[in-house]
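Residue strings, one per chain:
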Amino acid sequence: EFSYAELLQRLQNEMGLNQLEVANEIRDIAKLDKAMVTLAKRMKETHPVCLLSNCMPGMMESLFKGTEFFSCFDKTYLSYQLGLIKPYDEIYRYVLDDIGEYESVLFLDDNPENILGATRNGIPATLFTSVKQAENELKKRGY
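Thresholds applied
- Residues numbered from 1 in each chain as written.
- Predicted model: local features only at pLDDT ≥ 70, side-chain atom pairs only at ≥ 80, totals over all residues.
- Heavy atoms only, no water.
- Helix = DSSP H or I, 4+ residues; strand = E, 2+ residues; numbered from the N terminus.
- Rg over C-alpha atoms; globule rule 2.2 N^0.38 Å.
- Contact = heavy atoms within 4.5 Å.
- Areas by Shrake-Rupley, 256 points an atom, 1.4 Å probe, with all protein chains shown as cover.
- Lys, Arg positive; Asp, Glu negative; His and termini not counted.
- Charge placed at Lys NZ, Arg CZ, Asp CG, Glu CD.
- Core = buried A, V, L, I, M, F, W, Y, C linked by side-chain atoms within 4.5 Å.
- Buried < 20%, exposed > 50% of the residue type's maximum accessible area, 1.4 Å probe, protein only.
- Pairing = 2+ DSSP bridges.
- Right-handed = clockwise from strand over helix to strand, strands pointing away.
- Salt bridge = Lys/Arg side-chain N within 4 Å of Asp/Glu carboxyl O.

Caption draft 1: Quick peek at the overall build of the protein chain. Helix and strand content of the protein chain: eight helices and four strands. Its helices and strands taken in sequence order, the protein chain reads α-α-α-β-α-β-α-α-β-α-β-α from the N to the C terminus. Relative to the compact-globule value of 15 Å for 143 residues, the protein chain shows a C-alpha radius of gyration of 16 Å, a close match. Expressed along its principal axes, the backbone C-alpha trace of the protein chain runs to roughly 50 × 30 × 25 Å. By sequence separation, contacts in the protein chain at least 24 residues apart represent 53% of the contacts at least 6 residues apart. Accessible surface for the protein chain amounts to roughly 8,700 Å². Of this, 53% is attributable to carbon and sulfur atoms. Within the protein chain, one finds 16 positive and 22 negative side-chain charges whose respective centroids are separated by 6 Å.

Here's what the structure looks like:
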């Protein structure tokens, strides 16, 4: 419902920090995980890798500008662009219809509600807790 710039402004007002300090705090929390980038790039060599993220306008672009983050994905699905949000069924159906490749889909997410949303729509899913755990899950499922 609001942009990343508006979020920064709201947090600035709430926290008593300037906008740059708030942006730096968020960047510290949302650091690019190099091990996850490596895993995604390795997966991308043999399987399509997609990003489905609940985010606000400008957030992903601001956080990961100048990094290799977006190169990890064949397709990106950002909630603000779609007007849909996890864990509601419509977003999972939209992505499945768009990629059209149901057999090899595996959904990884760090939010249990989003895992339930995926499985409710027939998508094999696993709760992400670490890169090592994700690697093990992918191996176990033959990826």
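This is not the end of the story, as more comes after the structure.
Caption draft 2: Representation of the nonpolar core in the model. Tyr 4, Ile 26 and Met 60 are the most contacted members of the largest nonpolar core, which has 25 residues in total. Those elements giving two or more residues to this core turn out to be helix H1 (4-15), helix H2 (19-29), helix H3 (34-44), helix H4 (59-64) and helix H8 (131-140). Tallying contributions element by element places H3 first for this core, with four residues. Excluding residues within four positions of it along the chain, Ile 26 makes contact with Tyr 4, Leu 7, Leu 8, Leu 11 and Leu 63. By size, the runner-up hydrophobic cluster in this structure holds 12 residues, among which are Ile 91, Tyr 92, Val 95 and Phe 107.

Caption draft 3: Layout of the pairing of strand E2 (residues 75-78). Sheet topology note: the strand E1 (residues 50-53)/E2 ladder contains four bridges and is parallel. Looking at the pairing, Leu 51 lines up with Thr 76 of E2. Where the polypeptide runs from E1 across H4 and back to E2, its parallel neighbour, the crossover connection is right-handed.

Caption draft 4: Highlighting the pattern of salt bridges. Under the counting rule described, the total for this entry stands at nine salt bridges. Asp 89 is the partner of Arg 93 in a salt bridge, and the nearest nitrogen-oxygen pair spans 3.4 Å. Here the residue Arg 93 and the residue Asp 89 both occupy positions in helix H6 (residues 89-99), the gap between them amounting to four residues, near one helical turn. The partner of Glu 137 in a salt bridge is Lys 140, with the nearest N and O atoms 3.4 Å apart. Taken together, the positions of Glu 137 and Lys 140, both in helix H8 and three residues apart, correspond to about one turn of that helix. Residue class for Glu 137 comes out buried when judged on its relative accessible area of 10%.

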